[in-house]
Amino acid sequence: MTTLDVPEHNSQMQHGGPDPDDTPSSPDRNPRFADIANARLSRRTVLGGGLAAAATFLMGSQPATAAPGGNGRGRGRGRGRGNAPTLGFDGIPGDTTDMISVPPGYSATPFLAWGTPILAPFPEWAPDASNSAADQQRQMGMGHDGMHYFPLGRSSTNGLLVMNHEYTIDDQLFPDGTADWDAEKTAKSQAAHGVTVVEVREVEPGNWEVVRDSRFNRRITANTPMTVSGPAAGHDLLQTGYDPSGTALLGTLNNCSMGPTPWGTYLTAEENSNGYFRRAGDETAEQAELLDRYGYSEFGFGYLWATTDARFDTSQEPQEPNRFHWLTEIDPMDPDSTPTKRTALGRFKHESAAITTGTRGRVVVYSGDDERGDYIYKFVGNRPWRSYRGRGGSPLDDGVLHVAVFAEDGTGHWEPLTLDNPALAGQFADMGELLVKTRLAADLVGATRMDRPEWVSVDTRTKDVYVSLTNNRNRGIDYPVDAANPIVGNPNGHIIRWAEDRHDHAAASFTWDIFVIAGAHPYDPDGEQDVSDVGFGSPDGLWSDPDGRLWIQTDGSQPIDSNDQMLAADPSTGELRRFLVGVPQCEVTGVITTPDQRTMFVNIQHPGDSGGSDWPDKVGGLPRPATVIVTKDDGGVIGT
Ligand code: FEO
Ligand code: CA
Ligand code: CA
Ligand code: CA
């Protein structure tokens, strides 16, 4: 057993495996502004050091582009289309109690806790965790994470909640924890992973129920049959002993965030799938390079699946890892549909998927790779997305994956990951190989090593894009600071935003700035914003609501005396207000409202993962991850 050294996600490390984000694997050979990166506190420091021309550029004097937050005509920030969003609630203080805190005039009600039955014969939750694997298959999974509400019709009182179950705490999943591990325990742990589709309806304001006779209710788990599309479908690197075709995949794993598509499906992000494997160490040199870069280790996160399921033992299935770390598309409206891994979107530790459209209706998918020193990606479809749908194809199978390069002067560009990129010449036999090895390709094109990219969110009003960079204690130690990642040992993280050129999400370049640097006193290093007293750290979940409020969720120890929390920001002023505080040791993650914005769903993941919580049941038993329904007592729009 090794000593663990990272508070975050520690509940995944039940058996002494390494933290998923604690083993940065991006190599040192990238250009990283090593010659010019003297930023220590802010980009303004850098700009003040002789890049005045760039500063002028950032102020919006370039006609072809606009500073983030602008509308292409005005200067600076905060001039998005439409009115500025309203933050009408009273911000609340930090809190350490085992209760969900929300502002005065709001209510918070737990819903859909782990173990809630959703499929016949509706096995009831057993408070001693004695439910079988077969029961778990019919209940809400564990580790609630990214989530979306798909209205039935246009209803704000009846729809499908679709949510990810990122990981399990196997010490809580069984009455005797991980003792006497057997195939039944593996099956239950696997069944508690994946995705839930559940029809819900409001029976009275703030009170929702599971629609038990819904034809839509579905559990997708680590064992659900999947197919695969795009350039890597059927590739040699995806073939296994049990599936020589390389097309009949099983399961989705470590599903973190997600994104809804314009055509009504759900893209789920497979993040730390490496944590479930046991690496034998007998692989070929080529396999070893790939396993190293994707963080595979002898015991993963300590899961015991490999002891009963050969799929997760690399000595038996050395290419099974290549069948994870994708974005997987699920059609919640078709319960008989087969989930599809979309390989054109790249293979990395997908934290998130933010889907929007660029010029000519081309689909654009932003996604962060959450590891210290890893990258931000963007897929751009080749043709209008509707043209594929009309022919029965997928807009997600035909396009170009790019990786972000942030320049010191506040500009940036998207480097294409294609065989004809000169930096990649001769490196990969075909696009299938390149995509399976996405991280290796991105290493070669000079992508900017970021402080753990988490969620990406698009403000549909201004078209600004936001990414949370949760923290990175290795910054400035193992590799230099740079303008986009300016804090040595970045303890609390920051949020960057960018505006694509011409406000076209399909554009090849962009301008960017730091929106906020988190801490006990968050600040904007560009000096456009006063120091805030709304302290927060480790931003993770991000969501721009339809009015442009930016909801910020945290995952990690906070720089103030508080449990993890959710804030709302007004992007036009930078103002922050604290809206919700979770329970001890939880992470607040996943947020969506109904279309009328009068009901908000927020997920609480791993409450009390080291003791200290019996939420939401409050009867002295196991804590359970659950959704929180937030309503305004006067029935108004959330956040106003
Ligand atoms: Fe799934 Fe990076 O948290
Ligand atoms: Ca700024
Ligand atoms: Ca997360
Ligand atoms: Ca996180």
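Now for a quick tour of the structure. For clarity, every value in this text was computed on a predicted model and none was experimentally measured.

**Concerning the overall build of the chain**
Across its full length, the chain holds 9 helices and 28 strands. The proportion of buried residues among the 640 residues of the chain is 66%. For the chain, the computed accessible surface area is about 20700 Å², with 50% contributed by carbon and sulfur atoms.

**Things to note about the coordination of the calcium ion (ligand 3)**
Of the protein atoms, only Glu351 (OE), Asp540 (OD) and Asp540 (OD) coordinate the calcium ion (ligand 3), at distances of 2.4 to 2.7 Å. If you look at the calcium ion (ligand 3) and the calcium ion (ligand 4), they sit 3.8 Å from each other and are both ligated by Asp540. Taken together, the residues span a long stretch of sequence, with Glu351 in the loop between strand E12 (340-342) and strand E13 (354-357) and Asp540 in strand E22 (residues 539-544) at a distance of 189 residues.

**Re the pairing of strand E19 (residues 465-469)**
For E19, the tally of buried residues reaches 5 of 5 residues, placing the bulk of the element in the interior. Burial along E19 is two-sided: the face carrying Val465, Val467 and Leu469 and the face carrying Tyr466 and Ser468 are both buried. One ladder, built from 4 bridges, connects strand E18 (residues 453-458) with E19; its direction is antiparallel. The partner of Ser457 across the bridge, within E19, is Tyr466. Once E18 ends, the chain turns through 6 residues before running back antiparallel as E19, passing Lys463 with a positive phi of about 65 degrees. Across 5 bridges, the pairing between E19 and strand E20 (residues 494-500) is antiparallel. Residue pairing across strands places Tyr466 opposite Arg497, the latter belonging to E20.

**So, the layout of surface pockets**
For the largest pocket, the calculated volume is near 880 Å³. Lining the largest pocket are 36 residues, with His148, Pro260, Ile355, Thr460 and Trp543 sitting closest to its centre. Considering every element that reaches the lining of the largest pocket, the biggest residue donor is strand E2 (residues 144-151), with 5 residues. Residues that form the lining of the largest pocket fall into these classes: 19 nonpolar, 14 polar and 3 charged.

**So, empty space enclosed by the protein**
If you roll a probe as big as a water molecule over the atoms, it shows you where there is empty space left. On inspection of all chains with the given rule, the structure shows 4 cavities of 30 Å³ or more. Within this model, the largest cavity holds a volume of roughly 70 Å³. Along its surface, the largest cavity is lined by Leu237, Glu286, Gln287, Leu290, Leu291, Pro318, Gln319, Asn322 and Lys437. Here the residues of the lining of the largest cavity are counted per class, giving 4 nonpolar, 3 polar and 2 charged. Every residue along the wall of the second largest cavity is listed here: Met142, Gly143, Tyr167, Ile169, Gln172, Gln605, His606 and Pro625. Tallied by class, residues from the lining of the second largest cavity come to 4 nonpolar, 4 polar and no charged.

Conventions and cut-offs
- Residues numbered from 1 in each chain as written.
- Chains lettered and ligands numbered in written order.
- Predicted model: local features only at pLDDT ≥ 70, side-chain atom pairs only at ≥ 80, totals over all residues.
- Heavy atoms only, no water.
- Helix = DSSP H or I, 4+ residues; strand = E, 2+ residues; numbered from the N terminus.
- Buried < 20%, exposed > 50% of the residue type's maximum accessible area, 1.4 Å probe, protein only.
- Areas by Shrake-Rupley, 256 points an atom, 1.4 Å probe, with all protein chains shown as cover.
- Donors = N, O, S within 2.8 Å, 3.2 Å for Na, K, Ca; no water.
- Pairing = 2+ DSSP bridges.
- 1 Å grid on protein atoms, 1.4 Å probe; cavity = no way out; pocket = protein on both sides within 12 Å on 5 of 7 lines; lining within 4 Å.
- Points joined across faces, edges and corners; volume = space filled by probe spheres on them.
- Nonpolar A, V, L, I, M, F, W, Y, C, P; charged D, E, K, R; others polar.

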